[in-house]
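# Residue-level structural notes
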Amino acid sequence: MRESTVPAVASLLALAWITAQAAGLTWLAALAAAGALTASGAAALHRRTGRHRRRLAAGMGVLGVLLTGGMTCLLAVGGGDVYGLPAILAGAAALLLPVPLLYAWTFGPEDRPK
Amino acid sequence: MTAAFLLAAAVALAALWGLSAARDAEAYFAASRLAGPLAAGLAGTAAGLSAFVFVGGPGLFASLGAASLWIVLSAPLTGAIQCWLVGEPVVAQVRSSGTLTVPGLLAVRFGEGAPRLLAASAVVLGAISMLAVQVRAAAILGPTLLGIPGWTAALAVTAATASYTAAGGMRTGLPAEALQGVVMGVAALALAGTALAAAGGPAAAWRTLARTSPKLLSAWGSVGPLSAMGWFLLFGIGTCAQPHYLQKFLLLKDRNALRWLPAVGTLSLAAVLAVWVGLGLGGTALVASGRVTLKTPDALTPAVLTAVLPPWVNLAAAVAVIAAIMSTATSLLNIAAAAVSRDVPLSVGFSPSSSLTGARLATLAVAAASMALGLAWPRGLALLGILGWGTFTAALLPAVALGLNWRGAGRRGAVAALAAGPAVQLALEALRPRIASLATWEPGLTGAAVGTLLMVALSRRKDST
């Protein structure tokens, strides 16, 4: 994410979250939550160069899809289902090692010159 | 009695060592910037996870089921997200400015005065709220785990922590927290495993609840998806605004320490959080099957410990809970003391004293205030913890996250966000019980969202520092 897009993305996510709460739009809340968490990682893109930047961009793309997909699936099937607990634990367990390893894999040299 | 004597001796030694080791502000507030990823990761986990996890969490599972886990489901993400969003720019700023506090970060970024003062106010209020959780947890568990009256346990744990924290600040606190993090992880795994074993194993516990209380097992439980996702996001992105987490970046010895920090933090976090899942699921199944009697949800942990678990697990639980309380209290006491003794004077134009006496006295005063709030608080333990976390999120998230990642963020916008965020949050906290349509609004996140919009709207390029 370019630094110049940070305020626009942050504003959009903030508005989406407020709207979701006001209107009770659970799918919008899911998008906002997944988007906020993914954008938080993507905020570091402008501090990366070369292959570390590409790795981070790819990693955030995958994470965003997984978070969005996971939460929308739960919205679709989760109400009143006793398999909800194992499903959410499995989702968390699946991310337990990959995300911190992604950080180490995308940890590059010093900030690029301004 | 032997354990109590050993603990008292350890605390006294730590306090004496701290008095001699912490000779300047950098040692007292930033542990002389000696931390590598292992110490910072373990200490960060210990500081962030408190009695809330051991007592409030399983209790929340007993009342809300799987929905309570949305508070901790972001754990695999938070270590990396913190580093990506705020850790890297914090470390960079520390290298150039030598900042010692979180309000100090905002002063460097947005200029002295209001940004530092507002941030310091949020730190003090949020820290006292979260410290009160620790006091309350000690009071709940004292009779069960230590065999002493609740207020005695609360006083003893608070006094012990305040003494070595006041003496040595984070110079003492960092190694203590790292050790406490290891203790917490090992004990949490033992507690989780034995509770699940007592319930017949995870599958048997799940089957028991599927038969007796199926709603507890649904992904959203009785709180519904909107509230559950609110907790997920609050505790996911809110970690980037918690000053006791951010403090750990101020303690790092160099930028390279960041590389493995998320891995250490995430794995230690998962180990400790196992108690929420294991004791929550196993304990709730034991209640459902009639083997454990429960008076209030917060009483689940002591009820399971006394009813079905062997004595050595009680000892492990006592040690773990004390470690959890003390580790979280250490960081919160130190950041609040820094806010009172350093940030507030700086924000109004006074230089803090080079002596650490003011900081030590502030530590003791904050501890006393927390004791009073913790023993008087009428509602559930988990709710007090969420209130403190939400205050930090509402007040600090926009200024920290946007301010450190967008050079266009301006002073006017930051001040507006720092003031409006907690105002919105506290207003929602007060109104939600009275207005049904507000029940699903998450106050901390809403405050942060409003603060974000204000910050973007009011920032001008010419205001940037």
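For every chain, the first residue of its written sequence is number 1, and the numbers climb from 1 along that sequence. Chains carry letters from A onward and ligands carry numbers from 1 onward, assigned in written order. This being a predicted model, a pLDDT of at least 70 is required before a residue's local features are given, and a value of 80 or more before pairs of side-chain atoms are given or counted; all residues contribute to the totals for chains, interfaces and linings. Based on all heavy atoms of the structure, the side-chain values leave hydrogens and waters out of the count.

As a further point, take the overall build of chain B. Per the secondary structure count, chain B includes 18 helices and 0 strands. The C-alpha radius of gyration of chain B comes to 21 Å, within 12% of the 23 Å expected for a compact globule of 465 residues. A total of 465 residues make up chain B; the buried ones form 65% of that total. Put simply, of all contacts in chain B between residues at least 6 apart along the chain, 84% involve residues at least 24 apart. Element-wise, carbon and sulfur atoms account for 69% of the exposed surface of chain B, whose accessible area totals about 15,100 Å². Positive and negative charge centroids in chain B, built from 27 and 11 side chains respectively, lie 6 Å apart. Helix and strand assignments come from DSSP, with helices taken as H or I runs of at least 4 residues and strands as E runs of at least 2, each series counted from the N terminus. Taken over C-alpha atoms, the radius of gyration is set against a globule rule of 2.2 Å times the number of residues to the power 0.38. For each residue, the accessible area found with a 1.4 Å probe, counting protein chains only, is set against the maximum for its type, and the residue is called buried under 20%, exposed over 50%, and partly exposed in between. Every residue pair with non-hydrogen atoms within 4.5 Å of one another is taken to be in contact. Here the Shrake-Rupley method, with its probe set to 1.4 Å, supplies the accessible areas, and only the displayed protein chains count as covering residues. All tallies of charge rest on Lys and Arg as positive and Asp and Glu as negative; His and the ends of each chain are not included. Think of each charge as sitting on NZ of Lys, CZ of Arg, CG of Asp or CD of Glu.

Below, the discussion takes up the packing of helix α3 (residues 50–77) of chain A against helix α10 (residues 224–237) of chain B. Contact geometry for α3 of chain A and α10 of chain B: axes closest at 12 Å, N-to-C directions at 155 degrees. When the interaxial angle is binned, α3 of chain A and α10 of chain B end up roughly antiparallel. The handedness of the crossing between α3 of chain A and α10 of chain B comes out as right-handed. Of α10 of chain B, the residues touching α3 of chain A (which contributes Leu67, Met71 and Leu75 of chain A) are Pro225, Met229 and Phe232 of chain B. Axis geometry follows a simple rule: fit a line to the C-alpha atoms, using only the stretch in contact for helices, then measure angles between N-to-C directions, giving values from 0 to 180 degrees. Should an angle lie under 35 degrees it is considered roughly parallel, over 145 roughly antiparallel, and from 65 to 115 roughly perpendicular; all remaining angles are considered oblique. Each crossing is labelled by how the near helix is turned from the far one, with a counterclockwise turn of less than a right angle marking it left-handed and a clockwise turn marking it right-handed.

Let's shift gears to the packing of aromatic side chains. Pairing of aromatic rings covers Phe, Tyr and Trp, the last counted by its six-membered ring, and requires centre-to-centre distances within 6.5 Å; plane angles under 30 degrees mean stacked, over 60 mean edge-to-face, and any other angle means tilted. One pass over the structure, following the stated rule, counts 8 aromatic pairs over all chains. On the numbers, 5.3 Å between centres and 45 degrees between planes, the contact of Tyr83 of chain A with Trp206 of chain B is tilted. Residue Tyr83 of chain A is found in the loop between α3 and α4 (84–96), and its partner Trp206 of chain B is found in helix α9 (residues 202–212); the two belong to separate chains. A relative accessible area of 53% places Tyr83 of chain A in the exposed class. Their ring planes at 15 degrees and their centres at 4.8 Å tell us that Trp70 of chain B and Trp220 of chain B sit as a pair that is stacked. Taken as a pair, Trp70 of chain B in the loop between α4 (51–64) and α5 (75–97) and Trp220 of chain B in the loop between α9 and α10 lie far apart in primary sequence, 150 residues in all. Here Trp70 of chain B and Trp220 of chain B have matching classes, each one buried.

What follows concerns the pattern of salt bridges. Any carboxyl oxygen of Asp or Glu that lies within 4 Å of a side-chain nitrogen of Lys or Arg is treated as forming a salt bridge with it. Taken as a whole and assessed by the stated rule, the structure comprises 7 salt bridges over all chains. Notably, a salt bridge pairs Glu112 of chain B with Arg116 of chain B, separated by 2.7 Å at the nearest N-O pair. What emerges from the salt-bridge pattern is a single network uniting Arg47 and Arg48 of chain A together with Glu88 of chain B.

What follows deals with the packing of helix α1 (residues 6–23) of chain A against α10 of chain B. Where α1 of chain A contacts α10 of chain B, the two axes come as close as 11 Å, and the packing angle between them is 155 degrees. Judged by the inter-axis angle, α1 of chain A sits roughly antiparallel to α10 of chain B. Considering only the axes of α1 of chain A and α10 of chain B, their crossing is left-handed. Where α1 of chain A approaches α10 of chain B, its residues Trp17, Ala20 and Gln21 of chain A are matched on the opposing element by Leu226, Met229, Gly230 and Leu233 of chain B. Each residue gets one of three labels, nonpolar for Ala, Val, Leu, Ile, Met, Phe, Trp, Tyr, Cys and Pro, charged for Asp, Glu, Lys and Arg, and polar for the others, Gly among them. Here the contact of α1 of chain A with α10 of chain B is built from residues that sort into 5 nonpolar, 2 polar and no charged.

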